Amino acid sequence: MSKRPVIGVIPLIDYNKKSYWMLPGYFGGIIEAGGLPVMLPLASDIKVIEQIVSMCDGFIFTGGQDVEPKLYSERKISACSECSPERDAMEVLLLDHIIELDKPILGICRGIQLINAALGGTLWQDIPSQFSDMVPHCQKSPYDVSIHEVSIEHSSPLYDLLKTDTIPVNSYHHQGIHELSSALLPMAKAADGLIEAVYAPNKKFLWAVQWHPEFLYKKDVNNQNIFKEFIRHC
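This one's a predicted model, so the numbers in the text were calculated from it and none came from an experiment.

(A) Spotlight on the overall build of the chain. A count of helices and strands for the chain gives eight helices and 13 strands. Taken over 234 residues, the chain has a buried fraction of 53%. Restricting to contacts in the chain with at least 6 residues of sequence separation, those with at least 24 account for 68%. Carbon and sulfur atoms form 52% of the exposed surface of the chain, whose accessible area is close to 10,600 Å². A distance of 6 Å separates the average location of the 20 positive side-chain charges in the chain from that of its 28 negative side-chain charges.

Written as structure tokens, this is what we have:
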């Protein structure tokens, strides 16, 4: 059997418990798709970042705290929740080095937001108060059920993969893409116009989605296929 590609996964952080942690769905989705997941340390030393990038074949930028608004040159509003300066600092450095070596990236929830902001885009700090409350973007548990649909752009690689106009998705976020980075193109949108999936057209594989395939992949073939496509490129 050929070696599985090693996938570096950004850890989640719990400040109350002073701990890093991981949702099993991230690892499960990677393993079922044929990859080998490894939870990364949070680091800001450039030499450590370079070694991390060299040892992994692909990377998942996970969900988590809000992205600090100063990353996209805005002041924090009261509706912006807890941020994670350690994650922001590491992920910006990490993203830069991954892109330089053109290794595959899959961003999920916070991941799509961080990637967009790091590449020059901006975010809605709070969708209901700044944008729209037409679509329920922040569902309650259980998270392995869909709550709204997204429409897929026909010219996108996501449409090439799934061959469908719409898919149902779960949704657990209150921030989202406002101005899209010039390095990215949209792949899917919600009914309120919020961008729900993006890709970088000039990269081997840089995809990011706003929903949570790590909760859906066991039940839904579309989300299984997103993990599989990512691992195939790794």
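(B) Quick peek at the side chain of threonine 122. Tracing the chain through its elements places threonine 122 in the loop between helix H4 (110-118) and strand E7 (123-124). Threonine 122 sits in the buried class, given a relative accessible area of 9%.

(C) The side chain of asparagine 222, seen in detail. By the secondary structure assignment, asparagine 222 is in helix H8 (residues 221-233). With a relative accessible area of 15%, asparagine 222 lands in the buried category. Every residue in contact with asparagine 222, bar those within four places of it in the chain, is listed here: Leu162 and Ile167.

(D) Broad picture of the state of the cysteines. A complete count under the given rule lists zero disulfides for this structure. Cysteine 83 forms no disulfide, and the closest cysteine sulfur to it belongs to cysteine 80, at a distance of 4.1 Å. A relative accessible area of 10% places cysteine 83 in the buried class. In this structure cysteine 138 is not part of a disulfide, and its nearest cysteine sulfur, from cysteine 109, lies 8.7 Å away.

(E) Just the sheet that holds strand E1 (residues 6-9), in detail. Ordered by their spatial adjacency, nine strands build an open sheet running E4-E1-E5-E6-E13-E12-E11-E8-E9, and the pairing between neighbours is mixed. Strands at the two margins of the open sheet, each flanked by one partner only, are strand E4 (36-39) and strand E9 (166-169). Geometrically, the sheet is characterised by an average inter-axis angle of 20 degrees between neighbouring strands, direction not taken into account. For strand E6 (residues 105-108) and strand E13 (residues 206-209), the ladder comprises four bridges, and the chain directions are parallel.

(F) Representation of the packing of aromatic side chains. One pass over the structure, following the stated rule, counts six aromatic pairs. Measuring from centroid to centroid gives 5.2 Å for tryptophan 124 and phenylalanine 131, while their planes differ by 25 degrees, and the two rings are stacked. Plain terms: the ring middles of tyrosine 143 and tyrosine 172 are 4.8 Å apart, the flat faces sit at 40 degrees to each other, and that makes the pair tilted. Separated by 29 residues along the polypeptide, tyrosine 143 in the loop between helix H5 (127-130) and strand E8 (148-152) and tyrosine 172 in the loop between E9 and strand E10 (176-177) bring together distant segments of the chain.

(G) Expanded view of helix H3 (residues 85-101). Spanning 17 residues, H3 covers 25 Å between terminal C-alpha atoms, matching the ideal 24 Å at 1.5 Å per step. Inspection of H3 places Arg87, Asp88, Met90, Glu91, Leu94, Leu95, His97, Ile98 and Ile99 among the buried residues, and these make up the whole buried set. Buried-residue contacts for H3 involve strand E2 (12-14), helix H2 (46-55), strand E5 (58-61), E6, H4 and E13.

(H) Local environment of the environment of alanine 191. With respect to the secondary-structure elements, alanine 191 resides in the loop between strand E11 (185-190) and strand E12 (195-199). With 56 residues separating them in the primary sequence, alanine 191 and valine 135 have C-alpha atoms 7.0 Å apart. In this structure, alanine 191 is in contact with Met134, Val135 and Glu149, ignoring residues within four places of it in sequence.

(I) Representation of H4 within the structure. For H4, a buried count of eight out of nine residues is recorded, marking the element as mostly surrounded by other parts of the structure. Among all positions in H4, only Arg110, Gly111, Ile112, Gln113, Leu114, Ile115, Asn116 and Ala117 are buried. Count one or two residues on from H4 and you reach glycine 120, which has phi positive near 105 degrees.

(J) Main features of the pattern of salt bridges. Scanning all chains against the criterion turns up six salt bridges. The shortest N-O distance in the salt bridge between glutamate 91 and arginine 87 comes to 2.7 Å. With a gap of four residues between them, glutamate 91 and arginine 87 both fall in helix H3, about one helical turn apart. Both residues of the pair, glutamate 91 and arginine 87, count as buried. Bridged by salt links that share partners, the residues Arg87, Asp88, Glu91 and Arg110 form one connected network.

Rules and cut-offs
- Residues numbered from 1 in each chain as written.
- Predicted model: local features only at pLDDT ≥ 70, side-chain atom pairs only at ≥ 80, totals over all residues.
- Heavy atoms only, no water.
- Helix = DSSP H or I, 4+ residues; strand = E, 2+ residues; numbered from the N terminus.
- Buried < 20%, exposed > 50% of the residue type's maximum accessible area, 1.4 Å probe, protein only.
- Contact = heavy atoms within 4.5 Å.
- Areas by Shrake-Rupley, 256 points an atom, 1.4 Å probe, with all protein chains shown as cover.
- Lys, Arg positive; Asp, Glu negative; His and termini not counted.
- Charge placed at Lys NZ, Arg CZ, Asp CG, Glu CD.
- Disulfide = S-S within 2.5 Å.
- Pairing = 2+ DSSP bridges.
- Axes fitted to C-alpha atoms, helices over the stretch in contact; angles between N-to-C directions.
- Phe/Tyr/Trp six-rings, centres within 6.5 Å; stacked < 30°, edge-to-face > 60°.
- Expected span 1.5 Å × (residues − 1).
- Salt bridge = Lys/Arg side-chain N within 4 Å of Asp/Glu carboxyl O.

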